[in-house]
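The chain contents come next:
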Amino acid sequence: MKKKFTLEEIIDFAETWLIQGDLNTEFLADNFQFISPFWSSNTRQAFIDKFKHSTVYQETALKNIVKFDPVIKFKSLDGTAFSIILQYHTKNGSSVYEAVLGKIYNGLLYELRSIYDLEATKKAHDL
């Protein structure tokens, strides 16, 4: 049986992945889905392959970011959802706002949805 995590732990794991690229896979449900304009939708295994077993996220996104400011975290009153709203600033002087929404069931993250302006993101990363 999988370990169950608190809402606060799941938010911290998601924030660590977003900002540092360090992915703890234990908090992902078996039916986990990741939805993103740039990274496309991913099942649990595809997400792990892309963000844990490769350096593509670090080399494509994180290497261009000079700081995250602000980072704002919210959690639902019923403990089944959260959001992380952030702005990051890149080496070329651009900045992008991003909202990450998470859904939790039975102590595990089963959906993570990233929302941002795709064109602004491409510009910020010179893509």
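Everything below is about the structure printed above this text.
Residues numbered from 1 in each chain as written. Predicted model: local features only at pLDDT ≥ 70, side-chain atom pairs only at ≥ 80, totals over all residues. Heavy atoms only, no water.

**A short note on the overall build of the protein**
Reasoning step 1: Helix and strand counts for the protein stand at four helices and six strands.
Reasoning step 2: Along the protein, helices and strands appear, N-terminal first, in the series α-β-β-α-α-β-β-β-β-α.
Reasoning step 3: Over its C-alpha atoms the protein spans a radius of gyration of 14 Å, differing by no more than 12% from the 14 Å that the globule rule assigns to 127 residues.
Reasoning step 4: For the protein, with 127 residues in total, the buried portion stands at 42%.
Reasoning step 5: Excluding contacts between residues fewer than 6 apart, the proportion of contacts in the protein whose partners are at least 24 apart in sequence is 51%.
Reasoning step 6: When the accessible surface of the protein is summed, it comes to about 7000 Å², and 53% of that surface belongs to carbon and sulfur atoms. (Helix = DSSP H or I, 4+ residues; strand = E, 2+ residues; numbered from the N terminus. Rg over C-alpha atoms; globule rule 2.2 N^0.38 Å. Buried < 20%, exposed > 50% of the residue type's maximum accessible area, 1.4 Å probe, protein only. Contact = heavy atoms within 4.5 Å. Areas by Shrake-Rupley, 256 points an atom, 1.4 Å probe, with all protein chains shown as cover.)

**Observations concerning the nonpolar core**
Reasoning step 1: One finds Trp17, Phe82 and Leu109 to be the most contacted residues of the largest nonpolar core, which totals 33 residues.
Reasoning step 2: At the level of secondary structure, the elements contributing two or more residues to this core comprise α1 (7-20), β1 (28-35), α2 (44-51), β4 (81-90), β5 (95-105) and β6 (108-116).
Reasoning step 3: If sequence neighbours within four positions are ignored, Phe82 has contacts with Leu7, Ile10, Ile11, Ala14, Phe74, Lys75, Val100, Leu101, Gly102, Ile104, Leu109 and Leu112. (Core = buried A, V, L, I, M, F, W, Y, C linked by side-chain atoms within 4.5 Å.)

**Here's the deal with the pairing of β1**
It is a general feature of regular strands that their side chains alternate between the two faces of the sheet.
Reasoning step 1: Sheet topology places β1 next to β6; four bridges connect them, and they run parallel. If you follow Ile35 over to β6, its bridge partner there is Arg113.
Reasoning step 2: Sheet topology note: the β1/strand β2 (residues 42-43) ladder contains two bridges and is antiparallel. Bridged to Phe34 within β2 is Asn42.
Reasoning step 3: What sits between the antiparallel neighbours β1 and β2 is a turn of six residues, in which Ser40 has the positive phi angle 65 degrees. (Pairing = 2+ DSSP bridges.)

**A look at unusual backbone geometry**
Reasoning step 1: Residue Asp69 is joined to Pro70 through a cis peptide bond whose omega torsion reads 0 degrees.
Reasoning step 2: Here Pro70 is to be found in strand β3 (residues 65-75).
Reasoning step 3: One non-glycine residue, Asn106, lies in the positive phi region at around 55 degrees.
Reasoning step 4: Structurally, Asn106 can be placed in the loop between β5 and β6.
Reasoning step 5: Given a relative accessible area of 45%, Asn106 falls into the partly exposed group.

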